[in-house]
Amino acid sequence: MTETLADPERELALSYAKAAVRPYLQTLWMVDERFGTIVAGTTEAAIGEMRLLWWREAFAGIADDILAEPLLERVQECLTATGSDGSEWGKMTEGWFALLQEPLEDQELERFAMERGGRLFALSATLLTDAVPSFVGDCGRAWALTDLSCRVSDAAVGARAQAMAQGIFTDIGRKTWPRDLRPLGALTVLARRDSISNGRRQGAPARVARMLWHRLSGR
């Protein structure tokens, strides 16, 4: 398992996880990146939906049949090692399905936030620890909306997603993250900054320093 995530900040954040669980966490986030690549490369919604549906069905039956897909083979190893439910991983497609809807209303943005970000953070947290704070899912929702606002080409959609993320972050307040969950905390503190800015410069020294401070302090 030598592959890395396409997003360098996510790769850095996940490196904060304990070595024993890090490959499984990375695999989960690779699945999320794959779903994002499918949606980003889709020119016809119906085709994108069919591809996501294929993945969701593959996850539902993955324990019985390893398909000839390297990422699914990694997932099978992870599920076997951790006892995770593959169908729960596949449900992240529901969030990505939401982005293929036209017009993209606020209810679809919230569906994306919950089923992509909230679920991704919750699944990640269960790999990292047995004690998952209640705020983790909401942080995932805000993270997903902020990430979307920084990537989407439609400025109006980006602005709505950013405003929704700001509202969630305000409701959550600032938390001190347990050590085991700081991979997710690091991504959250960057998303909070991005939700009130006009853009992000990934890899900027100030961002890396902020992640390192969070790794030490949990804040």
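Residues numbered from 1 in each chain as written. Predicted model: local features only at pLDDT ≥ 70, side-chain atom pairs only at ≥ 80, totals over all residues. Heavy atoms only, no water.

A word on the nonpolar core
Right, so step 1: Core analysis: the biggest nonpolar cluster contains 62 residues, and Trp29, Trp89 and Leu184 have the highest contact counts within it.
Right, so step 2: Top contributing element to this core by residue count: helix H7 (residues 106–128), with nine residues.
Right, so step 3: Residues in contact with Trp29, not counting those within four places in the same chain, are Leu5, Arg10, Leu14, Leu120, Phe121, Ser124, Trp143, Leu184 and Leu187. (Core = buried A, V, L, I, M, F, W, Y, C linked by side-chain atoms within 4.5 Å. Buried < 20%, exposed > 50% of the residue type's maximum accessible area, 1.4 Å probe, protein only. Helix = DSSP H or I, 4+ residues; strand = E, 2+ residues; numbered from the N terminus. Contact = heavy atoms within 4.5 Å.)

Re the confidence of the model for the chain
Right, so step 1: Taken as a whole, the chain shows an average pLDDT of 93; of its residues, 96% reach a score of 70 or greater.
Right, so step 2: When mean pLDDT is taken per element in the chain, H7 scores highest with 98 and helix H4 (residues 70–82) scores lowest with 91. (pLDDT = per-residue confidence, 0-100.)

Examining the environment of Gln162
Right, so step 1: In this structure, Gln162 sits in helix H9 (residues 155–172).
Right, so step 2: Excluding residues within four positions of it along the chain, Gln162 makes contact with Ser149, Asp194, Ser195, Ile196 and Ser197.

Some words on the layout of surface pockets
Right, so step 1: If you add up the space inside the largest pocket, you get close to 770 Å³.
Right, so step 2: Mapped by element, the contributors of at least two residues to the lining of the largest pocket are helix H2 (22–40), H7, helix H8 (136–151) and H9.
Right, so step 3: Per-element tally for the lining of the largest pocket: the top contributor is H2, with six residues.
Right, so step 4: In terms of residue class, the lining of the largest pocket is made up of 12 nonpolar, seven polar and 11 charged.
Right, so step 5: Within this model, the second largest pocket holds a volume of roughly 210 Å³.
Right, so step 6: The wall of the second largest pocket is formed by 14 residues, among which Arg174, Val189, Arg192, Arg210 and Arg219 lie closest to the centre.
Right, so step 7: It is helix H10 (residues 182–194) that provides the largest number of residues to the lining of the second largest pocket, a total of four residues. (1 Å grid on protein atoms, 1.4 Å probe; cavity = no way out; pocket = protein on both sides within 12 Å on 5 of 7 lines; lining within 4 Å. Points joined across faces, edges and corners; volume = space filled by probe spheres on them. Nonpolar A, V, L, I, M, F, W, Y, C, P; charged D, E, K, R; others polar.)

Observations regarding empty space enclosed by the protein
Right, so step 1: Considering all chains together, one arrives at one cavity of 30 Å³ or more under this definition.
Right, so step 2: Computed from the structure, the largest cavity encloses a volume of approximately 110 Å³.
Right, so step 3: Lining the largest cavity are 14 residues, and of these Glu9, Trp143, Leu187, Arg200 and Gln202 lie nearest its centre.
Right, so step 4: The set of elements that each furnish at least two residues to the lining of the largest cavity consists of helix H1 (8–14), H8 and H10.
Right, so step 5: Across the lining of the largest cavity, the residue classes break down as four nonpolar, two polar and eight charged.

Some details on the side chain of Arg141
Right, so step 1: Relative to the helices and strands, Arg141 is located in helix H8.
Right, so step 2: Those residues within four positions of Arg141 in sequence are excluded, and the remaining contacts are Glu110, Ala113, Met114, Gly117, Gly118 and Ile168.

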